[in-house]
Amino acid sequence: MQKSVLFKKNLDNISIEHIKRIGPYDMPLYHYHESFEIYYLLSGERNYFIKDRTYHVKKGNLVLIDAYELHKTTNVDIDGHERILIEINRNFLEGFNCLVEDMDILSIFEKEESNVVLLNIKEQSYIENLLFRLIEECKNELSGFEAILKILIMDLLILANRQLEKW
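Caption draft 1: Geometry of the overall build of the protein. Assigned secondary structure in the protein consists of four helices and eight strands. Listing every helix and strand of the protein by position from the N terminus yields β-β-β-β-β-β-β-α-α-β-α-α. Relative to its length of 167 residues, the protein is compact, with a C-alpha radius of gyration of 15 Å against a globular reference of 15 Å. Along the first, second and third principal axes, the C-alpha atoms of the protein reach 45 × 35 × 30 Å. Counting contacts in the protein only where the partners sit at least 6 residues apart, residues at least 24 apart contribute 73% of the total. A total of about 8800 Å² of accessible surface is found on the protein, and carbon and sulfur atoms cover 48% of it. Taking the 20 positively charged and 28 negatively charged side chains of the protein as two groups, their mean positions are separated by 5 Å.

See below:
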């Protein structure tokens, strides 16, 4: 298995990682974080175990994982994948709920029905542009970049919540 780290940045309340792997890869251990996790699959397919279920995740799927939720990814028959992973501390998301009056932004990570958000082609393109804007903001760290990160993540979470509400 060959791994290319295309981008990795750890800030105080958020970390972003863009990785491409060639060949099969299974995470060695089940694990959890005290942070919330957003996982977007740019290419390939994965099996994603979360809490007590396994999801077959495909290109263009968005996975939302609650804090302290046990999870692990494993290989499927298709080798290789590319993904963007964002870990967000609760502190980073504080204050979002006062901006979004009709939803509890953290509740999106607690949905029992599904942790995987299915997106159509237009939504995938929108999310991918948003994620690459996040990466650019982290690379450049221009004035106000942390505010832009919050806006972009809030945009992503609102879109994901709308998709989940359709089910």
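Read on for the rest.
Caption draft 2: View of a nonpolar patch on the surface. Taken together, the side chains of Tyr30, Tyr32, Tyr68 and Leu70 define a hydrophobic patch exposed on the protein surface, amounting to about 480 Å² of accessible area. Tracing the sequence through the fold places Tyr30 in the loop between β2 (14-22) and β3 (36-50).

Caption draft 3: Representation of helix α3 (residues 121-140) in the model. Compared with the 28 Å implied by 1.5 Å per residue over 20 residues, the 29 Å span of α3 between its first and last C-alpha is a close match. When α3 is considered as a whole, its buried residues turn out to be Glu123, Gln124, Ile127, Glu128, Leu130, Leu131, Leu134, Ile135 and Cys138. In a view along the axis of α3, the buried residues occupy a sector of 160 degrees, so they form one face of it. Of the residues in α3, the exposed ones pointing more than 90 degrees away from the buried face are Ile121 and Lys122. The secondary structure elements touched by the buried residues of α3 are β1 (2-10), β2, β3, β7 (81-88) and α4 (145-165). Glu141 sits one or two positions beyond α3 and adopts a positive phi of about 45 degrees.

Caption draft 4: Up close: unusual backbone geometry. Positioned with a positive phi, Lys51 is a non-glycine residue whose angle comes to about 60 degrees. Here Lys51 is to be found in the loop between β3 and β4 (53-58). Backbone geometry places Tyr68, a non-glycine residue, at a positive phi of 65 degrees. Looking at the element boundaries, Tyr68 is found in the loop between β5 (62-65) and β6 (71-74). Among the residues examined, Tyr68 registers a relative accessible area of 54% and is labelled exposed.

Caption draft 5: Broad picture of empty space enclosed by the protein. A complete count under the given rule lists one cavity of 30 Å³ or more for this structure. Reported here for the largest cavity is a volume of approximately 30 Å³. Its residues assigned to classes, the lining of the largest cavity shows four nonpolar, two polar and one charged.

Caption draft 6: Local environment of the packing of aromatic side chains. Scanning the model with the defined rule gives four aromatic pairs in all. Relative to Tyr68, the ring of Tyr32 lies with its centre 6.1 Å away and its plane at 45 degrees, an arrangement referred to as tilted. Residue Tyr32 is found in the loop between β2 and β3, and its partner Tyr68 is found in the loop between β5 and β6; the two are separated by 36 residues along the sequence. Side by side, Tyr32 and Tyr68 carry an identical accessibility label, which is exposed. Ring centres 4.7 Å apart and planes at 40 degrees place the aromatic pair Phe36 and Phe109 in the tilted group.

About the cut-offs
Residues numbered from 1 in each chain as written. Predicted model: local features only at pLDDT ≥ 70, side-chain atom pairs only at ≥ 80, totals over all residues. Heavy atoms only, no water. Helix = DSSP H or I, 4+ residues; strand = E, 2+ residues; numbered from the N terminus. Rg over C-alpha atoms; globule rule 2.2 N^0.38 Å. Contact = heavy atoms within 4.5 Å. Areas by Shrake-Rupley, 256 points an atom, 1.4 Å probe, with all protein chains shown as cover. Lys, Arg positive; Asp, Glu negative; His and termini not counted. Charge placed at Lys NZ, Arg CZ, Asp CG, Glu CD. Patch = residues over 30% accessible without salt bridge, like charges linked within 9 Å, V, L, I, M, F, W, Y side chains within 5 Å. Salt bridge = Lys/Arg side-chain N within 4 Å of Asp/Glu carboxyl O. Expected span 1.5 Å × (residues − 1). Buried < 20%, exposed > 50% of the residue type's maximum accessible area, 1.4 Å probe, protein only. Arc of directions from axis to C-beta. 1 Å grid on protein atoms, 1.4 Å probe; cavity = no way out; pocket = protein on both sides within 12 Å on 5 of 7 lines; lining within 4 Å. Points joined across faces, edges and corners; volume = space filled by probe spheres on them. Nonpolar A, V, L, I, M, F, W, Y, C, P; charged D, E, K, R; others polar. Phe/Tyr/Trp six-rings, centres within 6.5 Å; stacked < 30°, edge-to-face > 60°.

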